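Residues per chain, in single letters:
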Amino acid sequence: LANGVVTGLGIALWSLVALRLGLRRRSLPGLVALLALTTPVLFYAVSMWRDPGLLTLLGAATLLALRARERPTTGRWAAFGASLGLMFLFKEAAAVLIAPLWIAVLSGEGLRERRLPFRAALAAGLPILAAIGIHMAILGLRFGDPLGTCYAPERGLLGDRPLARLGRLVVSPDVGLMLYAPLVALGALAAGLLARRDRAVAIGLIVASTLFAGMHALVANGEGGRFV
């Protein structure tokens, strides 16, 4: 039941991002239908607890990044960093999403201000470091090693033929991105709109998505179409 609420919140946050990019309100029901029916979010809402949280936190981070870049305040940067940091608490692999977003958004702020954004970087970075510290403490208590996870190397985490696996993730009719083509096409259009509004955030999301796909191509159990 909690997953259903979190998933609904995630869809609402991404809808707010779309409205901020210029989507007309009358088109909002169509966007919600695409998010719900052409992605695995409804499946994850009843089967997994991590992915709905990542969907929601990534939406929150994107919305907060746009707001912070439009009107920078320490509170907004801290909220942006907190959203990213909480993603790491949900899943260690979220680091491939956190790093490029943090770097791209802060780089964009530095270029806009024409100076190093120390205050923004600190405000956004401290919550991320705090989340990593908390997570390492939890791992230490659970596994006796702050760097240990249930995905130990001896369990054969890495798979073979990563390029073939990546091709399967992209074009296979059962787990590939082509299965969710309507949203992929919409995402490509949205990336262009976002780049006009905020190039740094757009670059961060594109790089993060690419790394996320590459990560699932590397791991042995990555062929699940997990592209919320």
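Q: I keep staring at the overall build of the protein and nothing clicks. Help me out?
A: For the protein, the helix and strand inventory stands at ten helices and zero strands. The order of α-helices and β-strands along the protein, N terminus first, is α-α-α-α-α-α-α-α-α-α. Here the protein, with 228 residues, has 41% of them falling under the buried criterion. Across the protein, the fraction of contacts at a sequence separation of at least 24, relative to all contacts at a separation of at least 6, is 69%. A total of about 12,500 Å² of accessible surface is found on the protein, and carbon and sulfur atoms cover 69% of it.

Q: How should the packing of aromatic side chains be read in this particular structure?
A: Two measures describe an aromatic ring pair: the distance that separates the ring centres and the angle between the ring planes. Applying the stated criterion to the full structure yields three aromatic pairs. Plain terms: the ring middles of Phe43 and Tyr44 are 5.6 Å apart, the flat faces sit at 55 degrees to each other, and that makes the pair tilted. Judged by its relative accessible area of 2%, Tyr44 falls in the buried class. Taken together, a centroid distance of 6.1 Å and an interplanar angle of 75 degrees make the contact between Trp77 and Phe80 edge-to-face. A residue pair is termed a helical-turn pair when its members lie 3 or 4 positions apart in one helix, as Trp77 and Phe80 do in helix 5 (residues 74-90) at three residues. We classify Trp77 as buried; its relative accessible area is 3%.

Q: I would appreciate a short explanation of the packing of helix 4 (residues 50-70) against helix 10 (residues 199-218) in the present structure.
A: To characterise two packed helices, one gives the angle between the axes of the helices and the distance between these axes. Interaxial distance between helix 4 and helix 10 falls to 10 Å at its minimum, and their mutual angle equals 160 degrees. Put simply, helix 4 runs roughly antiparallel to helix 10. Judged by the sense of rotation from one axis to the other, the crossing of helix 4 with helix 10 is right-handed. Packed against helix 4, whose contacting residues are Leu58, Thr62, Ala65, Leu66 and Arg69, the element helix 10 presents Ala200, Val201 and Leu205 at the interface. Considering only residue class, the contact of helix 4 with helix 10 consists of six nonpolar, one polar and one charged.

Q: Sorry, what's going on with the nonpolar core here?
A: Across soluble globular proteins, nonpolar side chains show a tendency to be buried alongside one another. Counting 44 residues, the largest nonpolar core has Trp77, Phe80, Leu84, Met87, Ile98, Leu194 and Val201 as the members making the most contacts within it. For this core, the leading source of residues is helix 4, giving eleven residues. Dropping the residues within four chain positions of it, Met87 is found in contact with Leu54, Leu57, Leu58, Ala94, Leu97 and Ile98.

Q: Got a minute to help me understand a nonpolar patch on the surface in this structure?
A: Taken together, the side chains of Leu122, Leu126 and Leu129 define a hydrophobic patch exposed on the protein surface, amounting to about 320 Å² of accessible area. Its location among the elements puts Leu126 in helix 7 (residues 118-143).

Q: Sorry, what's going on with the packing of helix 4 against helix 5 here?
A: Running from N to C, helix 4 and helix 5 cross one another at 160 degrees; their axes reach a closest spacing of 8 Å. Between helix 4 and helix 5, the angle is such that the two are roughly antiparallel. Our pair here, helix 4 against helix 5, has a crossing hand that is left-handed. Along the contact surface, helix 4 presents Arg50, Gly53, Leu54, Leu57, Leu58, Ala60, Ala61, Leu64, Ala65, Arg67, Ala68 and Arg69, while helix 5 presents Arg76, Trp77, Ala79, Phe80, Ser83, Leu84, Leu86, Met87 and Phe90.

Conventions used here
Residues numbered from 1 in each chain as written. Predicted model: local features only at pLDDT ≥ 70, side-chain atom pairs only at ≥ 80, totals over all residues. Heavy atoms only, no water. Helix = DSSP H or I, 4+ residues; strand = E, 2+ residues; numbered from the N terminus. Buried < 20%, exposed > 50% of the residue type's maximum accessible area, 1.4 Å probe, protein only. Contact = heavy atoms within 4.5 Å. Areas by Shrake-Rupley, 256 points an atom, 1.4 Å probe, with all protein chains shown as cover. Phe/Tyr/Trp six-rings, centres within 6.5 Å; stacked < 30°, edge-to-face > 60°. Axes fitted to C-alpha atoms, helices over the stretch in contact; angles between N-to-C directions. Parallel < 35°, antiparallel > 145°, perpendicular 65-115°, else oblique. Left-handed = near helix turned anticlockwise from the far one by under 90°. Nonpolar A, V, L, I, M, F, W, Y, C, P; charged D, E, K, R; others polar. Core = buried A, V, L, I, M, F, W, Y, C linked by side-chain atoms within 4.5 Å. Patch = residues over 30% accessible without salt bridge, like charges linked within 9 Å, V, L, I, M, F, W, Y side chains within 5 Å. Salt bridge = Lys/Arg side-chain N within 4 Å of Asp/Glu carboxyl O.

Nothing here speaks to function; it is geometry throughout.
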